[in-house]
Amino acid sequence: MNLTKNELEIMDVMWAAEKPLSRGELMERSIDKTWKSSSVHILLNSMLDKGALCEAGFTRCGKTCGRTYAPAVTVEEYYASTLSSTKTRPNLSKFLEATVNKLSPSNDELAKSIEVLNNYK
């Protein structure tokens, strides 16, 4: 799944929310957005089609009801899927080294990651 810059901005808001959001709630939380407010329905429908979002239910919005949306994938699943969609597969050990250098994980995160790798054997 490949998301555009605007779609990733929406996903960042959705991942941070940790609960389904209506279009209005998404707009309220999208402070530094680069996309136009008038295009939110187009973006949300595109993300539903791509499988990035799913419909989570309905909520009362004024006199009408509106859909709520939730991420269909976690942030980790999304970024892992971007690796498998490229033609050139990265070297796993070099990729892990670059990721650790970039993210500076805590000792607890490193220990859990080592446990995951050990269990994979």
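In short, a report on the structure. The numbers attached to residues start from 1 for each chain and follow its sequence in the written order. Since the coordinates come from a predicted model, pLDDT governs what is reported: local features require at least 70, and pairs of side-chain atoms require 80 or more to be given and counted, while whole-chain, interface and lining totals use all residues. The basis for the side-chain values is all heavy atoms of the structure; hydrogens and waters are excluded.

## Some words on the environment of Asn91
- Secondary structure elements are defined from DSSP: runs of H or I of at least 4 residues count as helices, runs of E of at least 2 residues count as strands, and each element is numbered from the N terminus. The topology assignment puts Asn91 in the loop between helix 4 (75-84) and helix 5 (92-103).
- We call a residue buried when its accessible area falls under 20% of the maximum for its residue type, exposed when it is over 50%, and partly exposed in between, using a 1.4 Å probe and counting protein chains only. Judged by relative accessible area, which is 41%, Asn91 ranks as partly exposed.
- In this structure the side chain of Asn91 is engaged in a polar contact, spanning 2.7 Å, whose partner is the side chain of Ser93. Any pair of nitrogen or oxygen atoms within 3.5 Å is treated as a polar contact; in protein, a donor-acceptor pairing is required on top of that, and neighbouring residues in sequence qualify only through side-chain atoms on both sides.

## As for the pairing of strand 3 (residues 64-71)
- Following DSSP output, two strands are said to pair if at least two bridges run between them. Note: strand 1 (residues 21-22) against strand 3, two bridges, orientation antiparallel. Bridge assignment links Leu21 to a residue of strand 3, and that residue is Tyr69.
- By the bridge criterion, eight bridges tie strand 2 (residues 53-61) to strand 3 in an arrangement that is antiparallel. When the bridges of strand 3 are listed, Cys54 appears paired with Ala70.
- Remark: two residues form the turn of the hairpin made by strand 2 and strand 3, two consecutive strands paired antiparallel; Gly62 in that turn has positive phi of roughly 70°.

## Observations concerning the pattern of salt bridges
- Counted as salt bridges are all cases of a side-chain nitrogen of Lys or Arg within 4 Å of a carboxyl oxygen of Asp or Glu. Scanning all chains against the criterion turns up four salt bridges.
- Between Glu7 and Lys50 there is a salt bridge, with the nearest N and O atoms lying 2.7 Å from each other. Of the two residues, Glu7 sits in helix 1 (residues 5-17) while Lys50 sits in helix 3 (residues 40-50), which places them 43 residues apart along the sequence.
- The class for Lys50 is partly exposed, based on a relative accessible area of 33%.
- Two residues, Glu25 and Lys19, come together in a salt bridge whose shortest N-O distance is 3.4 Å.
- Residue Glu25 is classed as partly exposed on the basis of its relative accessible area of 24%.
- Residue Lys19 is classed as partly exposed on the basis of its relative accessible area of 37%.

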